[in-house]
Amino acid sequence: MLTVSSTAGGGASYYMAKDNYYFLGGMEASWMGKAAELLGLEGPVDAKTFDDALAGFFPQGVDLSRMSGGQNVHRPGYDLTLSAPKSISVLGVVLGDSRILEAHQRAVGVAMGEIERLASTRVMVDGVSQTEMTGKLLAAAFHHDTSLRQPKHPILHLHSFPFRPQCNCHP
């Protein structure tokens with residue numbers, strides 16, 4: 001199931017806190033997407049880089065921050081949460097069935113591939129806003145296995161934060 005919501009306050013500390021959510025062994029936060037590769041973001045997500053991206057600052061000097069009245073009012077985007085059904089979560093998390101966990105990871109990868117394929121951005125051309133299909137995303141992915149609303153309840157899910165850096169990393 002896909003749920004779209006605003007990014008939670010607190011940035012990286014909210015999504016990466018060990019006492020907030022439990023990370024499945026070996027499934028730490030990671031960068032995803034073609035733009036991640038082009039920006040040199042590979043492997044684990046570190047808190048500073050993620051918080052910088054939420055503020056509109058990306059590697060290679062890409063700056064999407066938006067200042068208004070001396071404040072950065074950059075809108076970071078949305079939290080796309082891909083969740084497995086409760087029965088699947090119980091089989092994978094509680095019973096420790098690695099096949100279920102692997103199947104969930106494959107399903108998340110397919111879904112994120114489709115989301116990336118449909119990625120677009122707005123570009124101003126002669127004062128007119130136009131939508132441009134990019135097919136490239138930079139996404140920070142956080143793997144969790146418990147519910148925030150019901151602590152200790154197994155809910156296998158992935159929080160994904162797709163960023164669309166408008167830079168020379170896509171045509």
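Scroll up to find the structure.
Predicted, not measured: the structure shown is a model, and the values here were computed from it.

The rules behind the values
- Residues numbered from 1 in each chain as written.
- Predicted model: local features only at pLDDT ≥ 70, side-chain atom pairs only at ≥ 80, totals over all residues.
- Heavy atoms only, no water.
- Helix = DSSP H or I, 4+ residues; strand = E, 2+ residues; numbered from the N terminus.
- Buried < 20%, exposed > 50% of the residue type's maximum accessible area, 1.4 Å probe, protein only.
- Contact = heavy atoms within 4.5 Å.
- Areas by Shrake-Rupley, 256 points an atom, 1.4 Å probe, with all protein chains shown as cover.
- Salt bridge = Lys/Arg side-chain N within 4 Å of Asp/Glu carboxyl O.

K.L.:
I tried to follow the overall build of the protein on my own but got confused; where do I start?
P.N.:
Across its full length, the protein carries five helices and eleven strands. Counting the 171 residues in the protein, one finds 40% classified as buried. For the protein, the share of sequence-separated contacts (at least 6 apart) that also reach a separation of at least 24 residues comes to 60%. Of the roughly 9700 Å² that the protein leaves accessible, carbon and sulfur atoms contribute 55%.

K.L.:
Explain the pattern of salt bridges to me, please; I cannot follow it from the model alone.
P.N.:
Pairs can form between side chains of opposite charge whenever their charged atoms are close. Throughout the structure, instances matching the rule amount to three salt bridges. One salt bridge in this structure joins Lys48 and Asp52, with 2.8 Å as the shortest N-O distance. Here Asp52 and Lys48 lie together in helix H3 (residues 47-54), a separation of four residues that amounts to about one turn. Classification of Lys48 by relative accessible area gives exposed; the value is 57%. Between Glu114 and Arg117 there is a salt bridge, with the nearest N and O atoms lying 3.0 Å from each other. Here Glu114 pairs with Arg117, and both are found in helix H5 (residues 98-117), just three residues apart, close to one helical turn.

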